[in-house]
Amino acid sequence: MRHNEGMTTPIPLLVFAGSTRAQSYNRQLATSAADMAQAEGAQVTRLDLADFDVPLYNADLEAGGTPRDVVRLKEIFHAHPAWLVAAPEYNGSMTALLKNTIDWVSSPIKGDPEWRNGTRAFAGKVVGLLSASPGALGGLRGLAHLAPVLMNLQCWVAPKQFALAKAFEAFDPNGQLSLESNRTALHGVVDQVIWAARKFQA
Ligand SMILES: Cc1cc2nc3c(=O)[nH]c(=O)nc-3n(C[C@H](O)[C@H](O)[C@H](O)COP(=O)(O)O)c2cc1C
């Protein structure tokens, strides 16, 4: 049964990757997850961090005004009760791109009644964590760093995670995950996030 059968409102689900590389494995994994979520009846928004002009965080720069694209990101994050994040692993942790994005989006905007609370865009979100890597662990160690960062911002991180190992050989020429076992594991995360977001909505 589809998750939304008999229900009124589809879950708005945000899907993005922590890489802007053109041939990014994590972007490909995000696409697979987005397709699955769409098939489950979620209202999917694909976000590409390459579409946002966000400098490296600097409090002096911020004092001159929060960049417009950071405010756009805050609004998009806030508007989606559920997220799927495909996070590459760099040196056993998350990418600077992803951390910088989180840092900006969580930074309060002084004097703005809407955004003075830094956790506003994060609090209560159900977040499913994914990763893809050419390595044997699939970027799993990076997710172990990302999860507490998001939980500190009051996100509800789904217990199921999926780390796609050997990503260079995991996708077929159509960009689909070749192995049934990988599709099943990814589906497990997608389903759990939609299920939990629906519980939160009730
Ligand atoms: C600076 C740097 C550090 C990396 N460290 C790791 C690592 O700790 N573990 C890992 O599995 N892959 C590591 N990699 C390889 C990445 O997983 C690989 O570049 C991957 O393709 C990045 O994700 P993307 O394809 O979505 O851009 C690293 C790559 C770079 C550039």
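Only a predicted model underlies this, so the values are computations on that prediction, with no experimental measurement involved.

### Overview of the nonpolar core
Step number 1: Within the largest apolar cluster, 32 residues are counted, with the highest numbers of intra-cluster contacts made by Leu 13, Leu 29, Leu 164 and Leu 186.
Step number 2: Listed by contribution, the elements that provide at least two residues to this core are strand 1 (12-17), helix 1 (25-39), strand 3 (82-86), strand 6 (126-132), strand 7 (156-164) and helix 6 (180-201).
Step number 3: The dominant element in this core, judged by the number of residues it contributes, is helix 6, at seven residues.
Step number 4: When near neighbours in sequence (up to four residues on either side) are disregarded, Leu 13 contacts Ala 37, Ala 42, Gln 43, Val 44, Thr 45, His 80, Ala 82, Trp 83, Leu 84 and Val 193.
Step number 5: Counting 27 residues, the second largest nonpolar core, distinct from the first, contains Leu 47, Phe 77, Leu 143 and Val 157.

### A closer look at helix 1
Step number 1: With 15 residues, helix 1 extends 21 Å between its outermost C-alpha atoms, agreeing within 8% with the 21 Å of an ideal straight helix rising 1.5 Å per residue.
Step number 2: All buried positions along helix 1 are accounted for by Asn 26, Arg 27, Leu 29, Ala 30, Ser 32, Ala 33, Ala 34, Met 36 and Ala 37.
Step number 3: Where helix 1 is buried, its residues contact strand 1, strand 2 (43-47), strand 3, strand 6, strand 7 and helix 6.
Step number 4: The backbone nitrogen of Asn 26 lies 3.1 Å from a side-chain oxygen of the residue at the head of helix 1, namely Ser 24.
Step number 5: Taken from the residues just after helix 1, Gly 41 is the one with a positive phi, measuring 95 degrees.

### A few points about the packing of helix 1 against helix 6
Step number 1: Where helix 1 meets helix 6, the closest approach of the two axes is 10 Å, and the angle between their N-to-C directions is 60 degrees. Relative to helix 6, the element helix 1 lies oblique. Relative to helix 6, the crossing made by helix 1 is right-handed. Mapping the contact onto sequence places Leu 29, Ser 32, Ala 33, Met 36 and Ala 37 in helix 1 and Arg 183, Leu 186, His 187, Val 190 and Ile 194 in helix 6.
Step number 2: Classifying every residue of the contact of helix 1 with helix 6 gives seven nonpolar, two polar and one charged.

### Focus: the environment of Leu 130
Step number 1: Locating Leu 130 in the fold gives a position in strand 6.
Step number 2: Sequence spacing of Leu 130 and Ile 194 is 64 residues, and the spatial spacing of their C-alpha atoms is 15 Å.
Step number 3: Ignoring sequence-local partners within four residues, the contact set of Leu 130 consists of Asn 26, Leu 29, Ala 33, Val 85, Ala 86, Ala 87, Leu 143, Phe 162, Leu 186 and Val 189.

Thresholds applied
Numbering of residues starts from 1 in every chain and runs along the sequence as written. Per-residue local features of the predicted model are confined to residues with pLDDT of at least 70, and side-chain atom pairs are confined, for both listing and counting, to 80 or more; whole-chain, interface and lining totals are unaffected and use all residues. With hydrogens and water stripped out, all remaining heavy atoms of the structure feed into the side-chain values. Each nonpolar core is a collection of buried residues, namely Ala, Val, Leu, Ile, Met, Phe, Trp, Tyr and Cys, held together in the definition by side-chain atoms within 4.5 Å. Only protein chains enter the accessibility calculation, which uses a 1.4 Å probe; a residue is then buried when its area is under 20% of its type maximum, exposed when over 50%, and partly exposed in between. The helix count covers DSSP runs of H or I at least four residues long, the strand count covers runs of E at least two residues long, and both are numbered beginning at the N terminus. Any two residues whose heavy atoms approach within 4.5 Å are treated as being in contact. Any helix carries an expected span of 1.5 Å times its number of residues minus one. Residues adjacent in sequence count toward polar contacts only when both atoms are side-chain atoms; beyond that, a polar contact is any pair of N or O atoms within 3.5 Å, and within protein one must be able to donate a hydrogen and the other to accept it. Under this scheme, a helix contributes an axis fitted over its contacting stretch, all axes are lines through C-alpha atoms, and angles between N-to-C directions fall in the 0 to 180 degree range. Roughly parallel here means an angle under 35 degrees, roughly antiparallel means over 145, roughly perpendicular means 65 to 115, and every remaining angle is called oblique. Crossing chirality is assigned from the near helix's rotation relative to the far helix, an anticlockwise turn below a right angle marking it left-handed and a clockwise turn marking it right-handed. Only Asp, Glu, Lys and Arg are considered charged in this grouping, and only Ala, Val, Leu, Ile, Met, Phe, Trp, Tyr, Cys and Pro are considered nonpolar; every other residue, Gly among them, is considered polar.

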